[in-house]
Structures are given as C-alpha cells and as structure tokens.
Amino acid sequence: MKVRVVLPPHLRKLAQLGAEVELEVDGAVTQRSVLDALEARYPMLRGTIREHGTQKRRPFLRFFACNQDLSHEAPETPLPAAVATGEEPFLIVGAIAGG
Amino acid sequence: MSGVRVLVGTRKGAFVLTADGKREKWDVSGPHFGGWEIYHVKGSPADPNRLYASQSSSWFGQVIQRSNDGGETWQPVGNTFTYAGVAGTHQWYDGTPHPWEFKRVWHLEPSLTDPETVYAGVEDAAIFRSRDGGTNWEELPGLREHGSGPRWQPGAGGMCLHTILIDPSDHERLFIAISAAGAFRTEDGCQTWQPINQGLRSEHIPDPTADVGHCVHRIALHRSRPDVLFMQKHWDVMRSDDAGDSWREVSGNLPTDFGFCIDVHAHEPETIYVVPIKSDSEHYPPDGRLRVYRSRCGGNEWEPLTHGLPQRDCYVNVLRDAMAVDSLDSCGIYFGTTGGQVYASSDSGESWAPIVRDFPAVLSVEVQTLS
C-alpha cells in the first residue's frame, strides 16, 4: 500500500526529502504503521515526531488528513481510506508558534 | 599554515568561521541547520575534522549532528537520551518533587584522545557518553544517583549540565557544573562523583553554604594546571587551587561579579577573562558598555578591555558557553553576544573587532586552532 506523507519543512530538510514522501506500508494503515514505516526508512526522524520511549506525538505537532484533525486518535486507529489508497496525504504539521 | 576555525551555535543555526593565523579576514559558512537552536558545536582535539553539534527545537526535540570534514557536511547521528533505571525526581522551582525529563543537550565534550568518544551534558542534568561517534548514548548515572540529586533544582534556564572539563593529565578525572546544583568531580571515569562546592556562598538559597544548590554558570581550567579551577558563579568569580576541594572569591575590583562566561589564556595560566553583567535581573553590561575584564594574576585585580568594543548603548548578554580561546601566539580570545555579534581579539584582549555583527543570538562559541 503506497501512502503519501507530508512533513514540516524542518523535517524535510533533516531527512533530505522533497515536499512529499511515498511510503510502502504493510498491513493496516494507521498512524503507528505509517510513522513506523517513515522512521524505518528515515532513521534520523526517530524522536522528532514521536518521543523516544513513550512513542507519544510531540506536543507541538499535529496529524491531519482529509480535512480532519487526527492528532488525538489512537495510534492503532485506521486512517481514512483515502489516505490508505494514496489519494490523500497524511499531513504532519508543526504548530505555528514562537519566533 | 596555521589557522583557526570558530564554531558558533545560535538560536537559529550553526556557523563556521575560518581564518588564517593572522585572524584578519574571515570566511563564514552557514547557517547549518537553519531555524534550529544550536546549543553547542565542538571539535575533537584528536581529529580536528570531527565535529559534533547539538541541534534542538521545541517542535522536534533533540538531534545530534556529526561532521567528518570540519563542518562542510554533516550527518545526523543518534538522538536517544534515556536515563538509566528509574530516573526519580529533583526539585521544581517551587520546591516540589519533579520527575527527571530529558529536554536537550547543552554541551558536547569530545574525548581528548578518541574522536569516537564524546560526552554530553543534558537538561535535566545528567552526563551521557557515546563511544561510537554519537550513534549510541548511555547515561553515566553515578552523577545523578550520587545522593544529592533529589535536592537539585533548575536555574532560570533549566536544570542543565552545561560544563564538562576533562583533566588533560588524568582522563579519568572530570569536572562538571550544573545550574543550579553546583560543581562536581569524578576521579574514576564518571563512576562516582562528589560535590566540590566548599567555599561557595549563595545568598538566594536557604543555606548559603550548602554542599549543593549553587548556581554555577561556568568553570574553566588551563591544561597545564588542572588543579586550578576558575568559576563564574551566578554572583561571584571564584578560584580553587585544589581541584575544587575549596574555593575562594577573586571578584576583586570587578564592576559587578555577576556574569556567565569565564576562560583562561592559552599560554598564561594566571590570565583569565570574564564579561561582567549588571545583575541577575538585568542581563546586560553595566552602563551600556561592553567590557571584557582580564586578570593577569589569577583574579582579584582586573582591568577592563574595551578597545573595539561598544562603549555606549550596548545591552547584549554573553552566555556561559559563548567565550573561547585559540592557542596561537599571541592568544586569540573570542566571544559571542545575544545581539548576534562575534568579537575576536588576536592580541590577548588588547583590541577587538567583530567577525560578524548580525547573527542570531549566540549561544556558544568554540575555537579550533588548526595547523
């Protein structure tokens, strides 16, 4: 299953990626499986989206897709079908804050 | 031909400044990691092309970068900093217990002999070590667990381990400093530690002469005399002649003895430098005049060094890791300000000139002397 992920600019630069990355995700397409696939392919992103150890979403980041805020969904909850089919991207968005 | 490489960490990226031994014309590269806070960049004494950088942000946490070519290219390496065992609690600002939580790496101190080995001082205060070039990190928990940890509490900038000094004559002996716990020493390669705060006096804590709880801002030593330590405490400039077993105040005639940075001349072990700051509530130079003060007798007698530094309307700060010296002859002194200037003196402080004037706020300055 090809899933499209859009990262915030700082993480694109850290992982030397373009605006969007396509990932092969095995099995159910969930927040966890997408992020696991992302971190497996780009290990430098470990700890930058989810905290080491707890695997919790870092507090200044949000997850959006299909005009929905999925930030507070359980990590095992299936993502919308349009994300699973690659029709819509999974968006990782940094909070607009600070200077 | 000799030269210098100045490694600058700022609020919005890292910069590498290079010059030949004359230190007159500078090349500036960067920003590296633009937009991220770079608390510290430091090179390996054993391999000058091996650099380590601490990159962090409130959004994305901690990243460690490594360069093998003197800062031309960088690779992210390991960023897992997990406290050993059950981390427990320290004191919060209000005196209540607060769980130990990793926030960032303040200081990276490469081994004096092995480019693959590097120590990291972190917030909340602990010391970590990597032996594989920053790929994997392990806490050396003897410090945090030595007994007084539950009584440590943060300074205004957080409970950071900001200074790591390796004794050049005995690599098993290290000195570290924590705001606001104080200074500590290990003699056995970080297995056991003891507080070395006797002689410090801090009026803002319940027991001004307590064994821990002092807000040490920075300590420094000269490589030829590792038993002699100099300290810029929150207030007071201090000196120890017995590797920290006892301290005495050497603030002498300084206009104020509050400040953050302190360093030692590369060739004159009794010549030390500080930048007096007005007070802990007014983090700028007294009278709007940016003055480095130098003592050539190990403290007490200080002279202002002003030539080339702004002597009116200057309200910048110089943070604890933002001063360094090179080892050319004559010794170069460097410091960065929260106003984005990096000043250099190629004559031991007699005269100064800005290398750059308009960087983001400078968090750290380190210098490599290249041959």
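Please refer to the structure higher up on the page.
Residues numbered from 1 in each chain as written. Chains lettered and ligands numbered in written order. Predicted model: local features only at pLDDT ≥ 70, side-chain atom pairs only at ≥ 80, totals over all residues.

A. Summary view of the overall build of chain A. The helix and strand inventory of chain A stands at three helices and five strands. The C-alpha radius of gyration of chain A comes to 12 Å, within 12% of the 13 Å expected for a compact globule of 99 residues. With the principal axes as the frame, chain A shows a C-alpha extent of 35 × 25 × 25 Å. The buried share of chain A, taken over its 99 residues, is 25%. Relative to all contacts within chain A whose residues are 6 or more apart in sequence, the contacts with residues 24 or more apart total 55%. (Helix = DSSP H or I, 4+ residues; strand = E, 2+ residues; numbered from the N terminus. Rg over C-alpha atoms; globule rule 2.2 N^0.38 Å. Buried ≥ 20, exposed ≤ 12 C-beta atoms within 10 Å, placed from the backbone. Contact = placed C-beta atoms within 7 Å.)

B. Highlighting the overall build of chain B. If you tally the helices and strands in chain B, you get zero helices and 30 strands. A compact globule built from 371 residues would reach a C-alpha radius of gyration of about 21 Å, and chain B, at 19 Å, matches this within 12%. In chain B, buried positions account for 54% of the 371 residues. Considering only contacts in chain B between residues 6 or more positions apart, those separated by 24 or more positions represent 50%.

C. Fine view of helix α2 (residues 31-41) of chain A. Inspection of α2 of chain A places Gln 31, Ser 33, Val 34, Leu 35 and Leu 38 of chain A among the buried residues, and these make up the whole buried set. Tucked into the core, α2 of chain A has its buried residues touching β1 (2-6), β2 (20-24), β3 (61-65) and β5 (90-94) of chain A.

D. Fine view of the sheet that holds strand β1 (residues 3-10) of chain B. Residue and element names in this part refer to chain B. Spatial ordering of the open sheet is given by β3-β2-β1-β30, a layout of four strands whose pairing is antiparallel. Strands with a single pairing partner mark the edges of an open sheet, and in this sheet they are β3 (27-32) and β30 (362-370). Taken over all neighbouring pairs, the strand axes of this sheet differ in orientation by 15 degrees on average, direction set aside. Sheet topology places strand β2 (residues 13-20) next to β3; four bridges connect them, and they run antiparallel. For Val 16, the partnering residue across the bridge sits in β3 and is Ser 29. (Pairing = 2+ DSSP bridges. Axes fitted to C-alpha atoms, helices over the stretch in contact; angles between N-to-C directions.)

E. Up close: the sheet that holds strand β27 (residues 333-336) of chain B. Residues and elements named next belong to chain B. A sheet is described by the order of its strands in space; here four strands give the open sequence β26-β27-β28-β29, paired in antiparallel fashion. Sheet topology places β26 (323-325) and β29 (353-356) at the edges, where each strand pairs with a single neighbour. Direction aside, the axes of adjacent strands within the sheet are offset by 25 degrees on average. Pairing geometry for strand β28 (residues 342-345) and β29, over three bridges, is antiparallel. Note that in β29 the partner of Tyr 343 across the bridge is Pro 354.

F. Focus on the pairing of β2 of chain B. Residue and element names in this part refer to chain B. As judged from the eight bridges shared by β1 and β2, these two strands associate in the antiparallel manner. Counted as the bridge partner of Thr 10 is Gly 13 from β2. Where β1 folds back on β2, the antiparallel hairpin that results is connected by two residues. Between β2 and β3, which pair antiparallel one after the other, the connecting turn spans six residues, and Arg 23 there sits at a positive phi close to 60 degrees.

G. Layout of the environment of Thr 10 of chain B. All names here are of chain B. Along the polypeptide, Thr 10 turns up in strand β1. You can call Thr 10 buried: it has 28 C-beta atoms within 10 Å. On a C-alpha basis, the gap between Thr 10 and Val 325 in space is 18 Å, while along the polypeptide they are 315 residues apart. Discounting residues that sit within four places of it in the chain, Thr 10 has contacts with Phe 15, Ile 38, Phe 359, Pro 360, Ala 361, Val 362 and Leu 363.

H. Quick peek at unusual backbone geometry. All names here are of chain B. A cis amide bond, omega 0 degrees, links Gly 30 with the succeeding residue Pro 31. If you trace the backbone, Pro 31 turns up in strand β3. In this chain, Glu 123 is followed by Asp 124 through a cis amide linkage whose omega measures -5 degrees. Locating Asp 124 in the fold gives a position in the loop between β11 (118-123) and β12 (126-130).

I. Inspection of the interface of chain A and chain B at higher detail. On the side of chain B, 13 residues touch chain A, which itself brings 14 residues to the contact. Broken down by element, the side of chain A that touches chain B gets its largest block of residues, three residues, from helix α1 (residues 9-15) of chain A.

J. Structural detail: the nonpolar core. By size, the foremost hydrophobic cluster in this structure holds 131 residues, and its most contacted members are Tyr 334 and Val 342 of chain B. Not counting chain neighbours up to four residues away, the residues in contact with Val 342 of chain B comprise Val 6, Val 8, Leu 17, Tyr 334, Gly 336, Pro 354, Ile 355, Val 356, Phe 359, Val 362 and Val 365 of chain B. (Core = buried A, V, L, I, M, F, W, Y, C linked by C-beta atoms within 7 Å.)

K. Seen up close, the environment of Thr 192 of chain B. Note that Thr 192 of chain B resides in the loop between β16 (182-186) and β17 (194-195). Taking the C-alpha atoms as reference points, Thr 192 of chain B and His 146 of chain B, 46 residues apart in sequence, are found 6.9 Å from one another.

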